[in-house]
Structure formats: C-alpha cells, structure tokens
Amino acid sequence: DVKVTQSSRYLVKRTGEKVFLECVQDMDHENMFWYRQDPGLGLRLIYFSYDVKMKEKGDIPEGYSVSREKKERFSLILESASTNQTSMYLCASNPGGRVTEAFFGQGTRLTVV
Amino acid sequence: AQSVSQHNHHVILSEAASLELGCNYSYGGTVNLFWYVQYPGQHLQLLLKYFSGDPLVKGIKGFEAEFIKSKFSFNLRKPSVQWSDTAEYFCAVTGGYSGGGADGLTFGKGTHLIIQP
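Residues numbered from 1 in each chain as written. Chains lettered and ligands numbered in written order. Predicted model: local features only at pLDDT ≥ 70, side-chain atom pairs only at ≥ 80, totals over all residues. Heavy atoms only, no water.

Q: Please explain unusual backbone geometry as it appears in this structure.
A: Glycine aside, residues mostly have negative phi, and peptide bonds are mostly found in the trans state. Not every positive phi belongs to a glycine, and K53 of chain A is a case in point at roughly 65°. The topology assignment puts K53 of chain A in the loop between strand 5 (42-49) and strand 6 (56-57). A relative accessible area of 58% means that K53 of chain A is categorised as exposed. The backbone of K61 of chain B shows a phi angle near 60°, a positive value even though the residue is not glycine. Among the secondary structure elements, K61 of chain B is positioned in the loop between strand 7 (56-58) and strand 8 (64-68). Given the relative accessible area of 47%, K61 of chain B is considered partly exposed. (Helix = DSSP H or I, 4+ residues; strand = E, 2+ residues; numbered from the N terminus. Buried < 20%, exposed > 50% of the residue type's maximum accessible area, 1.4 Å probe, protein only.)

Q: Explain the interface of chain B and chain A to me, please; I cannot follow it from the model alone.
A: By a widespread convention, an interface's size corresponds to the accessible area lost as its parts come together. With 25 residues of chain B at the contact, the number on the chain A side is 27 residues. Buried area between chain B and chain A, both sides added, is near 2,100 Å², and the carbon and sulfur share of it is 55%. Across the chain B-chain A interface, the total number found is one salt bridge. For E101 of chain A, the salt bridge identified is with K49 of chain B, shortest N-O distance 2.9 Å. If you look at where chain B meets chain A, you find five residue pairs in polar contact (both at pLDDT 80 or more). With three residues, the single largest contributor to the side of chain B that touches chain A is strand 5 (residues 33-38) of chain B. Partitioning the side of chain B that touches chain A into residue classes produces 10 nonpolar, 12 polar and three charged. (Contact = heavy atoms within 4.5 Å. Buried area = accessible area lost by both parts, 1.4 Å probe. Salt bridge = Lys/Arg side-chain N within 4 Å of Asp/Glu carboxyl O. Polar contact = N/O pair within 3.5 Å; in protein donor to acceptor, adjacent residues only side chain to side chain. Nonpolar A, V, L, I, M, F, W, Y, C, P; charged D, E, K, R; others polar.)

Q: So what exactly am I meant to see when it comes to the sheet that holds strand 3 (residues 19-25) of chain A here?
A: Hydrogen bonds between backbone atoms are what pair the strands of a sheet, whose relative direction is either parallel or antiparallel. All names here are of chain A. An order of 1-3-8-7 is seen for the four strands of this open sheet, with the pairing classed as antiparallel. Sheet topology places strand 1 (4-6) and strand 7 (64-70) at the edges, where each strand pairs with a single neighbour. Sheet twist, expressed as the average angle between the axes of neighbouring strands with direction ignored, equals 20°. Bridge count for strand 3 against strand 8 (residues 73-78) is six bridges, and the pairing is antiparallel. Within strand 8, the residue paired with C23 across the bridge is F74. (Pairing = 2+ DSSP bridges. Axes fitted to C-alpha atoms, helices over the stretch in contact; angles between N-to-C directions.)

Q: Would you mind going over the confidence of the model for chain B with me for this structure?
A: Segments scoring low in pLDDT should not have their predicted coordinates read at a detailed level. Averaged over all residues, the pLDDT of chain B is 88; the fraction at 70 or higher stands at 91%. Every residue in residues 96-101 of chain B scores below 50 in pLDDT, and together they form 16 contacts with partners more than four places removed in sequence or on other chains. (pLDDT = per-residue confidence, 0-100.)

Structure below.
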C-alpha cells in the first residue's frame, strides 16, 4: 500500500512563528501536493512539485512556500504564521506521467493562536 | 480556471435509502474524474475514478458514478446506504496545470452525508 506520512497530526503555533509541515511518501512517486481543507471550502491546492527541487504554485500559495530536496519528502513552510492559516493541511502524492489518483496523508490540523 | 460544483453540502438520509450526489465540472476538454471519501477521523480515500471507456464506473463499497459528457456531470450513486456511509464526499477533476506532467486535482466543496439508523 502507498503510504503518505505527515509528521504531525496536531500542531499549535503562535502568530509570527515559522512553521514546517513535513510529508514523506514511500512509493517513489514523482508528484507531491499540499492542500488545505476548510469547512465549506473543500480542498484547495497550495503548491505542488513534479520533481526534486521543482515546485509550482497552486490556487492559494500566498503566505506559504515549499521545499523538495529529496524525492520522497515535501515540506510546506509558513514563513510567518497567521491566524487565517489555521486549517487542516493535507499532503498527497501520485506516481506521475498520466494523471492518476492522488494518495493522501492523514492530515495535520494546525492551529495558530 | 477549472471548477467543480457539488450540489448538496449536507445530506441526511435514513438507512436503506438511495443516494445520489451531484457533481458538475467546468473544464471542456478531456477530463479525469474522481470521487473521494473521508470518514470521520480518517484520511481521504479514493472511492472511484473515470479516465475513459464505459461512462458508468463502479467503486468500492457499492458506490457507482456516471459520467455524462454532454452535461459535464459525474454524479455519485448508491442504491441502499448504510450507517457506515456517514462521511464527507468530494468530487474532483484534473487541475490542468502545465509543467512536467503533474496535475493537481481541483476539488468540489464537499458533501457531508449523515445516515440515520
């Protein structure tokens, strides 16, 4: 089974802190994604990466950055956390090439106080 | 930009009732379509997918969906729901981003389904 692992299930951070959310996949997938999930808004794509050191902005990249130094790891960075970034963050991956379904991690519920 | 519209945000049904959740998308080209389910406290799981071929696709747990190209629709159905089907359901379509073959999925806002015993 494909496994996408997010480092934390719950995080509480203070406004202005730099926050790192880590994601690791174990199936040698090419593509990795970060989404945020909010009630009534569904999932919105923040950033994605199709290769090591490559990244593309999604629909809502403002206030976020990403890092992909190794194929299996994709990090989401909140440079200066704000309360409107309180959300559930979901990491996903897929094998690449023709579009296939995405495999999701358990999610990280981030609260910024 | 691509968009996905799910018609119902909250649906409450009794066990054994039939279910149909509506999904419409905006992209006019070749699409890949998905339904995902999120059970309480669990991660998103793929319920079913459509790439090409037979427009009626069957998924896990007795779910099926029909792709109707002329209506830009991909509605999810189940003839008889169970209490365990209580979950959040998301329709998704290929995002259409360029660059290296990676495509992010565009999701609808979700339908919260509650099945009453």
